[in-house]
Amino acid sequence: MTSSDVPENRWSDLERPPLNETALRRALVRPGSLWTSLDVVAATGSTNSDLTGRAAGLEEGAVLVAEEQSAGRGRLDRSWSAPARSGLFFSVLLRPGPRVPAERWGWLPLLTGVAVAAGLSRAAGVDTALKWPNDLLVTVPEDPKDPKDPKDSDGLRPGEAPSGAERKAGGILAERTADGAVVVGVGLNVSLRADELPVPTAGSLALAGAVSTDRDPLLRAVLRSLEQWYGEWRAEGGDPAASRLQEAYAAGCSTLGRTVRAELPGGTSLTGEAVAVDGDGRLVLATEDGVQPVGAGDIVHLRPV
């Protein structure tokens, strides 16, 4: 039997072991925890679509994780796919009402970005920047390390900040369900190698120099961080200022301070400096025609002229 005749199985790539569903449940699904169930499936089209379809029969805090997605979706229905077990692909079911007014639910994808970045900083040792409204960026070194260079093992001298290109390593998608809940999905490239990148502007935790690409502790850290931020935000009635969410998002948002082009629904666009994220989660641009908030759109970071 040749290697091509061997059927795919959970251990076909020893560098990418399967998630330990039992251990994840034991660590995360506990009395008093936000997380009420956790299921890992080998493959699916989209965890968001699956969880949205099952939402009516589930408690808040249901988590669905896929080892592989064949039809993952981002904003504007863009596709998202990656090799099996090369990333974290999961969705969570949240029911913020009635404590949080519906007009504040738009903060949920931004909150998720803050939580993911905090979790990855602790578990992977990677600084994750937030591109408004829902992209997760990492810095990928432009040149490989030189083993003769007298630097630390991470390629940096003590106190030296990493340099390189900002690459998209993940994205977030929030969707309303028919029964008034919200499903938030996260797709994150973890161990993707350079020759596996879907586009040149993509990145992964591994390429950004993560100290660990073990997906079990990464997922635990991200979900615990999400539970903390969501709990604080909901306890404050969704107030982004009182919960410190607005401040935390602004601190981690790489869009702020840059000249950007906002490509708006309907085919129009705005160009200006991103100066703030307001209380409604909108990106505020200083344009030639004055200050204008953007509530929805595709943001392009423009290079300096």
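Residues numbered from 1 in each chain as written. Predicted model: local features only at pLDDT ≥ 70, side-chain atom pairs only at ≥ 80, totals over all residues. Heavy atoms only, no water.

Chemist: How would you sum up the pattern of salt bridges? Please name residues and give values.
Modeler: Taken as a whole and assessed by the stated rule, the structure comprises 15 salt bridges. Put simply, arginine 234 and glutamate 60 hold a salt bridge, and the shortest N to O gap is 2.8 Å. Here arginine 234 is found in helix α4 (residues 215–235), whereas its partner glutamate 60 is found in the loop between α2 (47–54) and β2 (62–66), with 174 residues between them in sequence. Given a relative accessible area of 17%, glutamate 60 falls into the buried group. Of the charged contacts, one joins glutamate 67 and arginine 215 as a salt bridge, the two residues approaching to 2.8 Å between their closest N and O atoms. Pair noted here: glutamate 67 is in the loop between β2 and β3 (72–73) and arginine 215 is in helix α4, with a separation of 148 residues, a long-range link. Residue classification places glutamate 67 among the buried positions, given a relative accessible area of 7%. Owing to a relative accessible area of 5%, arginine 215 belongs among the buried residues under this scheme. Salt bridges sharing partners connect three or more residues here, namely Glu15, Arg16, Arg193 and Glu196. (Salt bridge = Lys/Arg side-chain N within 4 Å of Asp/Glu carboxyl O. Helix = DSSP H or I, 4+ residues; strand = E, 2+ residues; numbered from the N terminus. Buried < 20%, exposed > 50% of the residue type's maximum accessible area, 1.4 Å probe, protein only.)

Chemist: So what's going on with the packing of helix α1 (residues 21–28) against α4? Residues and values would help.
Modeler: Two elements in contact, α1 and α4, have axes whose closest approach is 11 Å; the angle formed by their N-to-C orientations is 30°. Regarding the angle of α1 to α4, the classification is roughly parallel. For the pair α1 and α4, the sense of crossing is right-handed. Of α4, the residues touching α1 (which contributes Leu24, Ala27 and Leu28) are Asp216, Leu219, Arg220, Leu223 and Arg224. (Axes fitted to C-alpha atoms, helices over the stretch in contact; angles between N-to-C directions. Parallel < 35°, antiparallel > 145°, perpendicular 65-115°, else oblique. Left-handed = near helix turned anticlockwise from the far one by under 90°. Contact = heavy atoms within 4.5 Å.)

Chemist: So what's going on with the sheet that holds strand β11 (residues 269–277)? Residues and values would help.
Modeler: With antiparallel pairing, the five strands of this open sheet are ordered in space as β13-β12-β11-β10-β14. Edge positions in the open sheet fall to β13 (290–294) and β14 (298–301), since each of these has one partner strand only. Strand-to-strand twist of the sheet, defined as the mean angle between neighbouring strand axes without regard to direction, takes the value 45°. In terms of strand pairing, strand β10 (residues 259–263) meets β14 through four bridges, oriented antiparallel. Note on β14: the bridge partner recorded for glutamate 263 is aspartate 298. (Pairing = 2+ DSSP bridges.)

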